[in-house]
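# Tertiary structure, described
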Amino acid sequence: MIEVNNVSVKYIMGDFKDIGIKEYLIKKIKGQVLVNEFWALNNVSFYVKKGTLLGIIGSNGSGKSTILKVLSGIMPPTKGEVKVNGSVAALLELGAGFDGDLTVKENIYLRGALLGYTREFVNEEYKNIIEFSELDNFEDVAFKKLSSGMKSRLAFSLASRVSPDILILDEVLSVGDMAFRKKSENRMREMMSGGTTTILVSHSMTQIREMCTQVLWLEKGEMRSIGDTKKICDEYEEYVRKMKNKTERRSNL
């Protein structure tokens, strides 16, 4: 379903926002523009089979969100190539695709349209979307007034209404109560049994261990390993413990 070949992503960092185009061109001619390059991903390759639930783990800044943007088609890789076979539904940010000033009901139709749902389909599924998200009493409330947990429930309910070929989730299930997380996990298992391939980024190692059939470990933009969930989670947690102990020893010097 997904094939990633030697993918690298480079970010160009510089203080461009505080100067105008004219000043930028002058500085560039004089060689005074300072640009820093940061490789968020470096030569990453892996393959994901249909029906897999791949968990992606790693420390902050390891490239987890970047690889999701590449897989979603939001960000092209600087080097390498990505082959994604099938339709993709991605939940990378809770507010993405929603209008804060519109009501929950209005946003269901708006976000539904962005996901490719027809108005007729949303009409038919509206009740199910509302009931699954547990927002029956908030249909006429502005989206911006919802809690982060409510936004997460609505976003997941909409994205999982149909089974896309590939579902990409970035920490969206870490927001909200335990009961809804369990319901969402059950829905993800249903989708997997129907052939949906899921990519999940989560800092909850319990969730990764319980849900994922395979794990990818990224660290500082490089792929450390991919494969058996228990084995890689054990290795990652041991790595985290060692890094924590090293930091504590330095702070005590």
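What you see is a predicted model; the values in this text were computed from it and never measured.

Conventions and cut-offs
- Residues numbered from 1 in each chain as written.
- Predicted model: local features only at pLDDT ≥ 70, side-chain atom pairs only at ≥ 80, totals over all residues.
- Heavy atoms only, no water.
- Helix = DSSP H or I, 4+ residues; strand = E, 2+ residues; numbered from the N terminus.
- Contact = heavy atoms within 4.5 Å.
- Areas by Shrake-Rupley, 256 points an atom, 1.4 Å probe, with all protein chains shown as cover.
- Lys, Arg positive; Asp, Glu negative; His and termini not counted.
- Charge placed at Lys NZ, Arg CZ, Asp CG, Glu CD.
- Pairing = 2+ DSSP bridges.
- Axes fitted to C-alpha atoms, helices over the stretch in contact; angles between N-to-C directions.
- Salt bridge = Lys/Arg side-chain N within 4 Å of Asp/Glu carboxyl O.
- Buried < 20%, exposed > 50% of the residue type's maximum accessible area, 1.4 Å probe, protein only.
- Phe/Tyr/Trp six-rings, centres within 6.5 Å; stacked < 30°, edge-to-face > 60°.
- Lys NZ or Arg CZ within 6 Å of the ring centre and 35° of its normal.
- Core = buried A, V, L, I, M, F, W, Y, C linked by side-chain atoms within 4.5 Å.

## Structural notes on the overall build of the protein chain
- Of regular secondary structure, the protein chain possesses eight helices and nine strands.
- Dimensions of the protein chain, computed from C-alpha atoms along their principal axes, come out at roughly 60 × 50 × 40 Å.
- Residue pairs in contact within the protein chain that sit at least 24 positions apart in sequence constitute 72% of those at least 6 positions apart.
- Summed over its atoms, the accessible surface of the protein chain is roughly 13,600 Å², and 50% of this surface lies on carbon and sulfur atoms.
- Computed over 37 positive and 33 negative side-chain charges, the separation of the two mean positions in the protein chain equals 6 Å.

## With respect to the sheet that holds strand E6 (residues 166-170)
- One open sheet holds the six strands; their spatial order is E5-E6-E7-E3-E8-E9, and the pairing between them is mixed. Among the strands making up the open sheet, the edge pair consists of strand E5 (88-91) and strand E9 (222-227). For this sheet, the mean angle separating the axes of adjacent strands, direction not counted, is 15°.
- The pairing of strand E3 (residues 53-57) with strand E8 (residues 214-219) spans four bridges and is parallel. Bridged to Leu54 within E8 is Gln214.
- Packing against the sheet, helix H2 (residues 64-72) makes contact with E3, E5, E6, strand E7 (197-201) and E8, and its axis sits at approximately 150° to E6.

## Describing unusual backbone geometry
- For Asn43, which is not glycine, the phi dihedral falls at a positive 60°.
- For Asn43, the location among the structural elements is in strand E2 (residues 36-48).
- The phi dihedral of Glu134 falls on the positive side, at around 60°, and the residue is not glycine.
- By secondary structure assignment, the location of Glu134 is in the loop between helix H4 (119-133) and helix H5 (148-159).

## Some remarks on the pattern of salt bridges
- On inspection of all chains with the given rule, the structure shows 13 salt bridges.
- Salt-bridge contacts for Glu37 lead to Lys10; the nearest nitrogen and oxygen are separated by 3.5 Å. Of the two residues, Glu37 sits in strand E2 while Lys10 sits in strand E1 (residues 2-13), which places them 27 residues apart along the sequence.
- Where Lys183 meets Glu134, a salt bridge forms, and the shortest distance between an N and an O atom there is 2.9 Å. Linking Lys183 in helix H6 (residues 178-193) with Glu134 in the loop between H4 and H5, this pair joins segments that are 49 residues apart in sequence.
- Connected via shared salt-bridge partners are Arg209, Lys230, Asp234 and Glu237.

## Focus: helix H3 (residues 104-114)
- All of the buried residues in H3 are Val104, Asn107, Ile108, Tyr109, Arg111 and Gly112.
- Those residues of H3 hidden inside the fold are in contact with E5, H4 and H5.
- Positive phi appears at Gly116, one or two residues downstream of H3, with a value of about 95°.

## Some details on the pairing of E6
- Where burial is concerned, most of E6 is hidden: five out of the five residues are buried.
- Where E5 lies against E6, four bridges are found, and the strand directions are parallel. Bridging across to E6, Ala89 finds its partner in Leu167.

## Here we look at the packing of aromatic side chains
- In this structure the tally under the stated criterion is eight aromatic pairs.
- Ring plane angle 70° and centroid distance 5.7 Å describe the contact between Phe132 and Phe180, whose orientation is recorded as edge-to-face. In this pair, Phe132 sits in helix H4 while Phe180 sits in helix H6, placing the two residues 48 residues apart along the sequence. Note on accessibility: Phe132 and Phe180 belong to one class, buried.
- Through pairs of rings, three or more aromatic residues link up here, namely Phe132, Phe156 and Phe180.
- Sitting above the plane of the Phe132 ring, Lys183 keeps its charged end 4.7 Å from the centroid.

## Comments concerning the nonpolar core
- Core analysis: the biggest nonpolar cluster contains 40 residues, and Ile57, Ile108 and Leu154 have the highest contact counts within it.
- Per-element accounting of this core gives the leading share, six residues, to H5.
- Beyond its immediate chain neighbours, meaning those up to four positions away, Leu154 contacts Phe98, Val104, Ile108, Ile129, Ser133, Leu135 and Phe143.

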